Amino acid sequence: NAGVMQNPRHLVRRRGQEARLRCSPMKGHSHVYWYRQLPEEGLKFMVYLQKENIIDESGMPKERFSAEFPKEGPSILRIQQVVRGDSAAYFCASSEEKNTEAFFGQGTRLTVV
Amino acid sequence: KQEVTQIPAALSVPEGENLVLNCSFTDSAIYNLQWFRQDPGKGLTSLLLIQSSQREQTSGRLNASLDKSSGRSTLYIAASQPGDSATYLCAPEGRAGTALIFGKGTTLSVSS
């Protein structure tokens, strides 16, 4: 089991471009969570998805951010028209069932220039 | 809204010491609580998961306890080693449909 795979590991975007972050959960896991970690700050919950459904997006900014977890393929966190304040590490976690152990990927470090 | 506080924010100890990291949370209606470690520039590694019905969980030199009613968990590290240097994060998980909520962590430095 390869663990939670995130790509790319590092992503540089110019202001106004789109950023697409991908997360492949562990085999057999159908629950995916996205978190953002700003420098010197803790991990902030963004969105919780289960195959084809958004369960909780209470931590997601209302504009420019969206997430999906299709029936086939990885979960995608999409940030449109990026701004410098979007620069952060974005982590994805997955779990087999709700309330079971969550495993994290290595993160994608987004830099907006 | 769940809020998680970890004390101390930073801790420096010599190798071999036993130490305790503290975590408190405001909403005691949790399903479980997980402890993680994060190395600089890396992702999170799961250390221990304590179900709400459990009082403690052990893995090697690590022991985590949970007092749900008082909203507290502690991580005990025995005989600390330089390789234990990392940021330790606790994260309670609430009712169905909510995700892990993190504190800011305790950054541990163990010197040889």
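The preceding data block contains the structure.
Below, the structure is looked at part by part. The shown structure was predicted, so the numbers you read here are calculated from the model rather than taken from an experiment.

At the interface, 25 residues of chain B touch 19 residues of chain A. When the two sides are added together, the surface that chain B and chain A hide from each other amounts to roughly 1700 Å², 52% of it contributed by carbon and sulfur. Counting across the chain B and chain A interface gives six residue pairs in polar contact (both at pLDDT 80 or more). Considered class by class, the residues forming the side of chain B that touches chain A number 10 nonpolar, 11 polar and four charged.

Here we come to the layout of surface pockets. Taken as a whole, the largest pocket encloses approximately 750 Å³ of empty space. Taken together, 30 residues form the lining of the largest pocket, with Phe45 of chain A together with Lys1, Gln2, Glu3 and Ile101 of chain B sitting closest to its centre. When residues of the lining of the largest pocket are traced back to their parent elements, those giving at least two are β5 (43–50) of chain A together with β1 (4–7) and β9 (86–93) of chain B. When residues in the lining of the largest pocket are grouped by element, the largest group, four residues, is from β5 of chain A. When the residues that make up the lining of the largest pocket are grouped by side-chain class, the tally is 13 nonpolar, eight polar and nine charged.

With that out of the way, let us pick up the pattern of salt bridges. Note on pairing: side chains with opposite charge can pair once their charged atoms come close. Per the stated rule, a full pass over the model turns up five salt bridges over all chains. With a closest N to O distance of 2.7 Å, Asp86 of chain A and Arg64 of chain A form a salt bridge. In this pair, Asp86 of chain A is assigned in the loop between β8 (75–79) and β9 (88–95) and Arg64 of chain A in the loop between β6 (53–56) and β7 (65–68), connecting sequence segments 22 residues apart. Judged by relative accessible area, Arg64 of chain A falls into the partly exposed class, the value being 24%. Its salt-bridge partner being Arg37 of chain B, residue Asp39 of chain B comes within 2.8 Å of it at the nearest N-O pair. Owing to a relative accessible area of 15%, Arg37 of chain B belongs among the buried residues under this scheme. One connected set of salt bridges, linked through shared partners, spans Glu18, Arg20 and Arg78 of chain A.

Summed over the entire model, instances satisfying the criterion amount to one cavity of 30 Å³ or more. One number sums up the size of the largest cavity: a volume of about 50 Å³. Along its surface, the largest cavity is lined by Tyr33, Tyr35, Ala93, Ser95, Thr100, Ala102 and Phe104 of chain A together with Glu93, Ala99 and Leu100 of chain B. Elements represented by at least two residues in the lining of the largest cavity include exactly β4 (31–37) and β9 of chain A. Its residues placed into classes, the lining of the largest cavity shows seven nonpolar, two polar and one charged.

What we call a disulfide is simply a covalent bond connecting the sulfur atoms of a pair of cysteines. Summed over the entire model, instances satisfying the criterion amount to two disulfides over all chains. Between the sulfur atoms of Cys23 of chain A and its disulfide mate Cys92 of chain A the distance is 1.8 Å. Handedness of the Cys23 of chain A-Cys92 of chain A disulfide follows from its S-S torsion of about -50 degrees: it is left-handed. Highlighted residues: Cys23 of chain A in strand β3 (residues 19–24) and Cys92 of chain A in strand β9, separated in sequence by 69 residues. When its relative accessible area of 0% is taken as the criterion, Cys23 of chain A is described as buried. The side chain of Cys23 of chain B participates in a disulfide bridge whose partner is Cys90 of chain B; the two sulfur atoms lie 1.8 Å from each other. Between Cys23 of chain B and Cys90 of chain B the disulfide shows an S-S torsion of about 55 degrees. By sign, it is right-handed. With a gap of 67 residues between them, Cys23 of chain B in strand β3 (residues 19–25) and Cys90 of chain B in strand β9 connect regions that are remote in the sequence. Across the pair, exposure class does not vary: Cys23 of chain B and Cys90 of chain B are buried alike.

Calculation criteria
- Residues numbered from 1 in each chain as written.
- Chains lettered and ligands numbered in written order.
- Predicted model: local features only at pLDDT ≥ 70, side-chain atom pairs only at ≥ 80, totals over all residues.
- Heavy atoms only, no water.
- Contact = heavy atoms within 4.5 Å.
- Buried area = accessible area lost by both parts, 1.4 Å probe.
- Polar contact = N/O pair within 3.5 Å; in protein donor to acceptor, adjacent residues only side chain to side chain.
- Nonpolar A, V, L, I, M, F, W, Y, C, P; charged D, E, K, R; others polar.
- 1 Å grid on protein atoms, 1.4 Å probe; cavity = no way out; pocket = protein on both sides within 12 Å on 5 of 7 lines; lining within 4 Å.
- Points joined across faces, edges and corners; volume = space filled by probe spheres on them.
- Helix = DSSP H or I, 4+ residues; strand = E, 2+ residues; numbered from the N terminus.
- Salt bridge = Lys/Arg side-chain N within 4 Å of Asp/Glu carboxyl O.
- Buried < 20%, exposed > 50% of the residue type's maximum accessible area, 1.4 Å probe, protein only.
- Disulfide = S-S within 2.5 Å.

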